[in-house]
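# Notes for the structure review
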Amino acid sequence: MSRVYNFSAGPAVLPEEVLKEAAAEMLDYNGTGMSVMEMSHRSAAFQDIIDTAEKDLRELMNIPSNYKVLFLQGGASQQFAMIPMNLKKNGVADYIVTGQWAKKAYQEASKYLTANKIASSEDKTFSYIPDCSDLEISDNADYVYICENNTIYGTKYKTLPNTKGKTLVSDVSSCFLSEPVDVSKYGIIYGGVQKNIGPAGVVISIIREDLIPTEELKDVPTMLQFKTHADANSLYNTPPAYGIYICGKVFKWIKNMGGLEAMKKHNEEKAAILYNFLDESNLFKGTVVKEDRSLMNVPFITGDKDLDAKFVAEAKKAGLENLKGHRTVGGMRASIYNAMPTEGVKALVEFMKDFEAKNA
Ligand SMILES: Cc1ncc(COP(=O)(O)O)c(C=O)c1O
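Residues numbered from 1 in each chain as written. Predicted model: local features only at pLDDT ≥ 70, side-chain atom pairs only at ≥ 80, totals over all residues. Heavy atoms only, no water.

### Examining the pattern of salt bridges
For the coordinates displayed, the defined rule picks out 22 salt bridges. Between Glu21 and Lys249 there is a salt bridge, and its shortest N-O distance comes to 2.8 Å. Residue Glu21 is located in helix 1 (residues 16-24), and its partner Lys249 is located in helix 6 (residues 241-257); the two are separated by 228 residues in the primary sequence. Judged by relative accessible area, which is 40%, Glu21 ranks as partly exposed. (Salt bridge = Lys/Arg side-chain N within 4 Å of Asp/Glu carboxyl O. Helix = DSSP H or I, 4+ residues; strand = E, 2+ residues; numbered from the N terminus. Buried < 20%, exposed > 50% of the residue type's maximum accessible area, 1.4 Å probe, protein only.)

### Describing the sheet that holds strand 8 (residues 168-171)
Strand order in this open sheet of 7 strands is 2-10-9-8-5-3-4, and the pairing throughout is mixed. Looking at strand neighbours, the two that pair on one side only are strand 2 (67-72) and strand 4 (114-120), the edges of this open sheet. The mean inter-strand angle of the sheet, taken between neighbouring strand axes irrespective of direction, is 20 degrees. Here 3 bridges tie strand 8 to strand 9 (residues 188-192), and the two strands are oriented parallel to one another. Considered in strand 9, the bridge of Ser170 is made with Ile189. In this fold helix 4 (residues 100-109) packs onto strand 3 (92-97), strand 4, strand 5 (144-147) and strand 8, with an angle of close to 160 degrees to the strand it touches most, strand 3. (Pairing = 2+ DSSP bridges. Axes fitted to C-alpha atoms, helices over the stretch in contact; angles between N-to-C directions. Contact = heavy atoms within 4.5 Å.)

### A short note on the nonpolar core
Ranked by size, the top nonpolar core spans 86 residues in total, and within it Met61, Leu177, Ile204, Ile206, Phe284 and Phe311 carry the most contacts. Residue assignment places this core across two domains, with domain 1 (5-9 + 258-359) and domain 2 (28-256) each supplying three or more. Within the second largest apolar cluster, 34 residues are counted, among which are Met82, Leu87, Ala93 and Leu211. (Core = buried A, V, L, I, M, F, W, Y, C linked by side-chain atoms within 4.5 Å. Domains from an automatic or database assignment.)

### Notes on the packing of helix 2 (residues 44-61) against helix 6
Helix 6 packs onto helix 2 with a crossing angle of 40 degrees between their chain directions and a minimal axis gap of 9 Å. By the criterion of interaxial angle, the relationship of helix 2 to helix 6 is oblique. Classified by chirality, the crossing of helix 6 by helix 2 is left-handed. Two secondary-structure elements touch here, helix 2 through Phe46, Ile49, Ile50, Thr52, Ala53, Asp56, Leu57, Glu59 and Leu60 and helix 6 through Ala241, Ile244, Tyr245, Gly248, Phe251, Lys252, Ile254 and Lys255. (Parallel < 35°, antiparallel > 145°, perpendicular 65-115°, else oblique. Left-handed = near helix turned anticlockwise from the far one by under 90°.)

### Digging into the site of the ligand
What surrounds the ligand is the set Gly75, Ala76, Ser77, Phe80, Trp101, Cys147, Asn149, Thr151, Asp171, Ser173, Gln194 and Lys195. At 2.6 Å, a side-chain N or O of Ser77 approaches an oxygen atom of the ligand. One nitrogen or oxygen atom from the side chain of Trp101 is found 3.3 Å from an oxygen atom belonging to the ligand. In isolation the ligand exposes 390 Å². Once the protein is present, 84% of that is buried. Looking at the shell around the ligand element by element, the count peaks at 4 residues for helix 3 (residues 75-87). Across the shell around the ligand, the residue classes break down as 4 nonpolar, 6 polar and 2 charged. (Near = heavy atom within 4 Å. Polar contact = N/O pair within 3.5 Å; in protein donor to acceptor, adjacent residues only side chain to side chain. Areas by Shrake-Rupley, 256 points an atom, 1.4 Å probe, with all protein chains shown as cover. Nonpolar A, V, L, I, M, F, W, Y, C, P; charged D, E, K, R; others polar.)

### Some points on the packing of aromatic side chains
Applying the stated criterion to the full structure yields 14 aromatic pairs. Seen in terms of ring centroids, Phe300 and Phe311 are 6.0 Å apart; in terms of plane orientation they differ by 80 degrees. Their pairing is edge-to-face. One end of the pair, Phe300, is in strand 12 (residues 297-301); the other, Phe311, is in helix 8 (residues 305-317), with 11 residues separating them in the sequence. Of the residues examined, Phe311 reaches a relative accessible area of 0% and is grouped as buried. One aromatic cluster is present, built from ring pairs that chain together Phe277, Phe284, Phe300, Phe311, Phe351 and Phe355. Its end group placed over the ring of Tyr128, Lys124 keeps NZ or CZ at 5.8 Å from the ring centre. (Phe/Tyr/Trp six-rings, centres within 6.5 Å; stacked < 30°, edge-to-face > 60°. Lys NZ or Arg CZ within 6 Å of the ring centre and 35° of its normal.)

### Side note on the domain arrangement of the protein chain
Each assigned domain of the protein chain is listed here: domain 1 (5-9 + 258-359) and domain 2 (28-256). Of note, the centres of domain 1 and domain 2, computed from C-alpha atoms alone, are 27 Å apart. Carbon and sulfur atoms make up 56% of the area that domain 1 and domain 2 hide from each other, which totals about 2,200 Å². It is Leu260, Asp292 and Asn338 in domain 1 that bury the most area against domain 2; as a group they hold 27% of the surface buried on that side. On the surface where domain 1 and domain 2 come into contact, there are 0 salt bridges. Inspection of the domain 1/domain 2 interface yields 17 residue pairs in polar contact (both at pLDDT 80 or more). (Buried area = accessible area lost by both parts, 1.4 Å probe.)

### Structural notes on helix 8
Compared with an ideal rise of 1.5 Å per residue, which puts 13 residues at 18 Å, helix 8 spans 19 Å between its outermost C-alpha atoms and is within 8% of the ideal. Residues of helix 8 that are buried make contact with strand 12, strand 13 (320-321), strand 14 (332-335) and helix 9 (342-359). Capping the start of helix 8 is the job of one residue whose side-chain oxygen sits 2.9 Å from the backbone nitrogen of Asp306: Asp304. (Expected span 1.5 Å × (residues − 1).)

### A closer look at the side chain of Asn86
Looking at the secondary structure, you find Asn86 in helix 3. One polar contact links the side chain of Asn86 to the main-chain carbonyl oxygen of Leu224, over a distance of 2.8 Å. Discounting residues that sit within four places of it in the chain, Asn86 has contacts with Leu211, Pro213, Leu217, Leu224, Gln225 and Phe226.

### Let's talk about the pairing of strand 9
The element strand 9 is largely enclosed, with a buried count of 5 among its 5 residues. Alternating positions in strand 9 separate into two faces, Ile188, Tyr190 and Gly192 on one and Ile189 and Gly191 on the other, with burial throughout. Relative to strand 10 (residues 203-208), strand 9 is paired through 5 bridges, and the arrangement is antiparallel. By the bridge assignment, Tyr190 is partnered in strand 10 with Ser205.

And the structure:
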């Protein structure tokens, strides 16, 4: 068996320990004589899996007791619709557009309410985070929406926007559990798990309870109502059970690593290895402003499309996979999520140095 260093933006690398544990439990989970994939979601064994997962996540993120943790499906993209459908009271929401995912969320919300684009960094190909300290927040905004880490462009909010008292909703799909957060600053903090936490198919949404409608919404499908899932503790219908089981294992792995402070330190050290090299290189350069650089997604270019393609192809041969940039921006992108070991980033930088020496 030989594993590669997988720099995919998602689905992405998972901790090897977790994969090995799951493999060992594949045929017989904890004496049940069956795989978690084969298990009723109404069984005591699965109830324990989901309860333990929620408890560990609450501990890791220090989630206040007035927040619900929901394990949902439909990808982060389904939240683009669920959020406006469930949060609209005045029918107005403000969106800060810092990349394709924020833009898609904004466009989707426009179907259900009046969505205002109050700031954007599209003028410079989303290579920075706009100043959000004094934006014109709508007086009647039901919420202000951000995408906190922009997977495609490699930018991250270092300070949250000043929402002037309005509810903040944040998509953290690509920075989930990468560093400590203050959950109490958010109304909703949510993300697909397929980058930092588990296999595709699970979305975790952490929602302040007062934002969950108390009455059924007549014009919203049952499955798209937060109330449905909150009332049933994420077991209204068959949940993505195996995915939740893997998420639970990743929560334990992060706890064993020392929690989110330790994760942050690990991620900062890893990212510095790559960014320091990019800042010195004569061939490669990063594509975003330094102060807004993501710790998770690192886009870079040589400035020559053919050379970029050669780099990606040769890197693949060297066991460094999925370094091609997003189809809309080109170049390269290294996603270095929690589970990417430091050795993987070092191997990438060594390969880049070698490539530079041969091609500069
Ligand atoms: C920040 C962000 N939000 C949303 C999405 C969409 O997620 P999904 O494919 O789970 O709908 C992605 C996917 O890469 C993403 O990176």
